[in-house]
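# Fold and contact review
Below, each chain spelled out in residue letters.
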Amino acid sequence: MRATDRTGATHHRKEPMRHHRNAHPTAPGAISQQALPGQRHAQGGGHQPHARGAKPTPRAPGRSAAQVAADNAATALYGWQGKFDRIKLREGFVREFGKSPHFDAAAIPQLELLVGFIEDDTRITDVRWTAYMLATAYWETTSLKKETVPVLDKHHKPMVGKDGKPLVRSRKRWAITMSPVEEVGHGAHRNYFLPVKVASLPTGEARITEQDGDQFTVTAEGRFKPMARGARQGAAPTRKAVTAYNDDDGNELAYYGRGYVQLTWWSNYAQVSADLNLGLRLLLHPDDVLQPTIAYKVMAHGMLTGKSFANGRKFARYFHGATTDYVGARHMVNGVDHAADIAGIARQFEAILLAAKP
């Protein structure tokens, strides 16, 4: 899940823009930020290299022939722009994740949909980039699912009621979805939790009024500025709305996490919307981030360019030549939060994808 610390030159946030999942299958309760050592992914052998258009890395000053050779070998292995074998993709997903208590077969078509978006995106040229996007979606969209299951006796056999019908019960469990979801808890206890008032202006801009009365103008380019000195983005989640907020005629909207990477804060919705040439659509209609096509564009835009939620960090920083830094790549989304866990998932997806290359 995600929030950034992007600030303008003339304003200050009321707290660092960090996003915390209220709960997660591997970390019940609020998760803590914990520094993790960087890890270098060990290159595997035995994969048949594919190099569609991959060019050898020229030897740069100060680089040994061995380093250049390692870069060229990695480029041949990971350089890829094309389709993946769907049967091998499904088989690999079940093989790698099927024994998890969070596995859900319903996630398979959603996985294939997301892979399809990536295949059609000519900017994605490295298997590791695909693996990390899939790992991010896996982690960020694993959510509580309500389901009906049979009641079992002490011998683990289905029980039947007096009417002869099977007895069932409802339960909730964490399940892999691989589809855009809403943040669990909607950001409770965070300074982006409370809704704000959003008013479209005749100039094509928008006015934001927060519950503490601070107001901002958002330009058509997605940038914002305070309307009064001292205004800061974000309000304490327990804040009572002031008169200025109650009297504002804007629409009340909330900007908790949504999508594959859990986009948060109204400023991020505005900026990424403009970056994607959608005007202020995502600011005015934040639920649109739950649409798979838009959710993918949001995730890919940040990770490829370093803009919006990514804090200036992008794929090319963590994956190039022989450099594979799945742990460090978490900085594109949420600092070091569960970086090692997600890195492990990314390596599993890497193995799946390499095996699924035709």
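Residues numbered from 1 in each chain as written. Predicted model: local features only at pLDDT ≥ 70, side-chain atom pairs only at ≥ 80, totals over all residues. Heavy atoms only, no water.

### Describing the overall build of the protein
Convention followed: Only DSSP runs of H or I covering at least 4 residues are called helices, and only runs of E covering at least 2 are called strands; the numbering of each starts at the N terminus. Think of it in three bands: residues with accessible area under 20% of the maximum for their type are buried, residues over 50% are exposed, and the middle band is partly exposed, with areas taken using a 1.4 Å probe on protein chains only. Here, residues are in contact when the closest pair of their heavy atoms is within 4.5 Å. Areas reported as accessible are Shrake-Rupley estimates using a 1.4 Å probe. Residue values count occlusion only from the protein chains shown.
Within the protein, the regular secondary structure consists of eleven helices and eleven strands. Relative to its 358 residues, the protein shows a buried fraction of 50%. When contacts within the protein are restricted to residue pairs at least 6 apart in sequence, long-range pairs at least 24 apart make up 68% of them. Carbon and sulfur atoms make up 53% of the accessible area of the protein, which totals about 16800 Å².

### Details of the side chain of Ser179
Note that Ser179 resides in the loop between β2 (168-175) and β3 (181-182). Take Ser179: its relative accessible area is 17%, and that puts it in the buried class. With sequence-adjacent residues up to four places away left out, Ser179 is seen in contact with Gln110, Thr141 and Tyr260.

### Side note on the packing of helix α4 (residues 127-141) against helix α8 (residues 292-305)
The test is simple: Every axis corresponds to a line fitted to the C-alpha atoms, with the helix fit spanning only the stretch in contact, and the corresponding angles, defined between N-to-C directions, vary from 0 to 180 degrees. Note on terminology: angles under 35 degrees are roughly parallel, angles over 145 are roughly antiparallel, angles of 65 to 115 are roughly perpendicular, and the others are oblique. By convention the crossing between two helices is left-handed if the near helix lies anticlockwise of the far one by an angle smaller than a right angle, and right-handed if it lies clockwise. Residues are grouped as follows: Ala, Val, Leu, Ile, Met, Phe, Trp, Tyr, Cys and Pro are nonpolar; Asp, Glu, Lys and Arg are charged; every other residue, Gly included, is polar.
Remark: α4 packs on α8, axes separated minimally by 12 Å, with the N-to-C direction vectors making an angle of 130°. Considering the angle they form, α4 stands oblique to α8. Crossing of α4 against α8: the hand is right-handed. Two secondary-structure elements touch here, α4 through Trp129, Tyr132, Met133 and Thr136 and α8 through Tyr296, Met299, Ala300, Met303 and Leu304. Split by residue class, the contact of α4 with α8 holds eight nonpolar, one polar and no charged.

### Examining the packing of helix α3 (residues 107-120) against α8
When two helices pack together, their arrangement is given by the angle between the helix axes and the distance between those axes. At a minimum axis separation of 11 Å, α3 and α8 run at an interaxial angle of 55°. Relative to α8, the element α3 lies oblique. α8 is crossed by α3, and the crossing has right-handed handedness. Contact with α3, carried on its side by Leu113, Leu114, Phe117 and Ile118, involves Pro292, Thr293, Tyr296 and Met299 of α8 and no other residues of that element.

### What about the nonpolar core?
Inclusion rule: Take the buried residues of types Ala, Val, Leu, Ile, Met, Phe, Trp, Tyr and Cys, join any two whose side-chain atoms come within 4.5 Å, and each joined set is a nonpolar core.
In terms of nonpolar packing, the biggest core is built from 79 residues, with Phe93, Leu114, Tyr132, Met178, Leu283, Tyr296 and Phe349 touching the most fellow members. Of the residues forming this core, the biggest block, ten residues, is contributed by α4. Contact partners of Phe93, with chain neighbours within four places excluded, come to Gly98, Phe103, Ala107, Ile108, Leu111, Ile176, Met178, Phe349 and Ile352.

### Focus: the sheet that holds strand β7 (residues 224-226)
Put simply, the rule reads: Should DSSP find at least two bridges between two strands, the strands are regarded as paired.
Strand order in the open sheet formed by five strands is β7-β6-β5-β4-β8, and the pairing between neighbours is antiparallel. The strands lining the two open edges of the sheet, one partner per strand, are β7 and β8 (251-253). Each adjacent strand pair in this sheet contributes to an overall mean axis angle of 30°, direction not counted. When strand β4 (residues 196-200) meets strand β5 (residues 206-209), the two strands line up antiparallel, connected through four bridges. Within the sheet, the bridge partner assigned to Lys197 lies in β5 and is Thr209. Together, β4, β5, β6 (215-218) and β7 form the strand contacts of helix α6 (residues 266-275), whose direction differs from that of β6 by roughly 10°.

### Quick word on helix α1 (residues 65-78)
Quick reminder of the rule: Expected helix span is computed as 1.5 Å times (number of residues minus one).
In this model α1 runs 20 Å from its N-terminal to its C-terminal C-alpha over 14 residues, within 8% of the 20 Å that 1.5 Å per residue would give. When we look at burial in α1, the residues that qualify are Val68, Asp71, Ala74, Thr75, Leu77 and Tyr78. On its buried face, α1 is in contact with α4, β11 (323-324) and α11 (339-355).

### Structural notes on the confidence of the model for the protein
The condition that has to hold: Note on scores: pLDDT gives the predictor's confidence for each residue, bounded by 0 and 100.
Predicted confidence across the protein gives a mean pLDDT of 85, with 82% of residues reaching 70 or more. Scored below 50 in pLDDT, residues 1-23 shows 100 contacts in the model against residues more than four places distant or in partner chains. Under a pLDDT of 50 for its full length, residues 26-51 has, in the predicted model, 53 contacts with residues more than four places off or in other chains.

### Observations concerning the pairing of β4
With four of five residues buried, β4 is to be regarded as a mostly interior element. Here β4 pairs with β8 via three bridges, running antiparallel. What sits directly across from Val198, in β8, is Asn251. Count of turn residues in the β4/β5 antiparallel hairpin: five residues, of which Gly204 carries a positive phi of about 90°.

### Here we look at the side chain of Glu183
Short version of the rule: In this charge count, Lys and Arg are treated as positive and Asp and Glu as negative; neither His nor the chain ends contribute. Counted as salt bridges are all cases of a side-chain nitrogen of Lys or Arg within 4 Å of a carboxyl oxygen of Asp or Glu.
In this structure, Glu183 sits in the loop between β3 and β4. The buried charged residue Glu183 lacks any salt bridge, with Arg190 as its nearest oppositely charged partner at 6.6 Å.

### Let's talk about α11
For α11, which comprises 17 residues, the first-to-last C-alpha distance of 24 Å matches the rise-based estimate of 24 Å (1.5 Å per residue) to within 8%. Burial in α11 covers these residues: Ala339, Ile342, Ala343, Ile345, Ala346, Phe349, Glu350, Ile352, Leu353 and Leu354. Among the structural elements, α1, α2 (86-97), α3 and α4 are those in contact with the buried residues of α11.

### Describing the pattern of salt bridges
All chains considered together, the criterion is met by 15 salt bridges. Put simply, Asp126 and Arg128 hold a salt bridge, and the shortest N to O gap is 2.7 Å. Since its relative accessible area comes to 9%, Asp126 is described here as buried. Exposure remark for Arg128: the relative accessible area of 1% places this residue in the buried category.

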